[in-house]
Amino acid sequence: AGRIKTLEAGGAGLLAQCWDSETRRVLLAAGTLDLPVRRTQDWQNVSHELTVPGGTDFITVRCVLQGTGSAWFDDLVLEVLKVGEPAPT
């Protein structure tokens, strides 16, 4: 979750990537880019829930600007809503 402000932006959003460090591949990529903040907007609250797949070793969160323009990102939070069983090894 966070806030995004844009100036003449093609689109802006947040992207979370769940990584497996052994194979160095992204297991899941999800975020707010399906409904980006576009054009010139004052601060907009954005959020996205995802289920972290088993085998995830770390998560990266990216602030993304699509196309031209400017975007500012603030108050970013990554929050665990529910902890499940660990993945089998």
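For the structure, see preceding data.
Keep in mind that this is a model prediction, so the values were computed, not measured. (Residues numbered from 1 in each chain as written. Predicted model: local features only at pLDDT ≥ 70, side-chain atom pairs only at ≥ 80, totals over all residues. Heavy atoms only, no water.)

> Please clarify how the overall build of the protein should be interpreted in this entry.
Counting secondary structure elements, the protein contains zero helices and five strands. From first element to last, N terminus to C terminus, the protein shows the α and β order β-β-β-β-β. Long-range contacts, defined here as pairs at least 24 residues apart, represent 72% of the contacts in the protein between residues at least 6 apart. Accessible surface, the protein: about 6400 Å² in total, of which carbon and sulfur atoms supply 50%. (Helix = DSSP H or I, 4+ residues; strand = E, 2+ residues; numbered from the N terminus. Contact = heavy atoms within 4.5 Å. Areas by Shrake-Rupley, 256 points an atom, 1.4 Å probe, with all protein chains shown as cover.)

> Help me understand the packing of aromatic side chains in this model?
Geometrically, a pair of aromatic rings is defined through the distance of the ring centres and the angle of the planes. Going through the model one piece at a time under the given rule, you end up with one aromatic pair. Centre to centre, the rings of W19 and F58 are 6.0 Å apart; their planes meet at 5 degrees, and the pair counts as stacked. Taken together, the positions of W19 in strand β1 (residues 2-20) and F58 in strand β4 (residues 58-66) put the pair 39 residues apart, joining distant regions of the chain. The buried category is assigned to W19, whose relative accessible area is 19%. Residue class for F58 comes out partly exposed when judged on its relative accessible area of 38%. (Phe/Tyr/Trp six-rings, centres within 6.5 Å; stacked < 30°, edge-to-face > 60°. Buried < 20%, exposed > 50% of the residue type's maximum accessible area, 1.4 Å probe, protein only.)

> It is not clear to me how the state of the cysteines should be interpreted in this structure. Could you clarify?
Chemically, a disulfide is nothing more than a covalent bond linking the sulfur atoms of two cysteines. In the structure shown here, the tally under the stated rule is zero disulfides. Free cysteine: C18, not disulfide-bonded; nearest cysteine sulfur from C63 at 16 Å. (Disulfide = S-S within 2.5 Å.)

> In this structure, what is going on with the pattern of salt bridges? I would like to understand it.
Two side chains bearing opposite charge may form a pair once their charged atoms approach each other closely. The final tally for this structure, using the stated rule, is two salt bridges. For D74, the salt bridge goes to R3, with nearest N and O atoms at 3.3 Å. Here R3 lies in strand β1 and D74 lies in strand β5 (residues 70-74), a separation of 71 residues in the sequence. Owing to a relative accessible area of 30%, D74 belongs among the partly exposed residues under this scheme. A network of salt bridges, in which partner residues are shared, links R3, D74 and D75. (Salt bridge = Lys/Arg side-chain N within 4 Å of Asp/Glu carboxyl O.)

> Please clarify how a nonpolar patch on the surface should be interpreted in this entry.
There is a patch of nonpolar side chains on the surface, built from L50, V52, I59, V61 and L78 and spanning about 400 Å² of accessible area. Taking relative accessible area as the criterion, L50 reaches 31% and is therefore assigned partly exposed. (Patch = residues over 30% accessible without salt bridge, like charges linked within 9 Å, V, L, I, M, F, W, Y side chains within 5 Å.)

> How do you make sense of unusual backbone geometry when you look at a structure like this?
Among all residues save glycine, negative phi is the norm, and among peptide bonds the norm is trans. Even without a glycine there, the phi angle at R39 is positive, about 55 degrees. Judged by relative accessible area, which is 57%, R39 ranks as exposed. Here D75, not a glycine, exhibits a phi torsion of approximately 55 degrees, which is positive. Within the secondary structure layout, D75 lies in the segment after β5.

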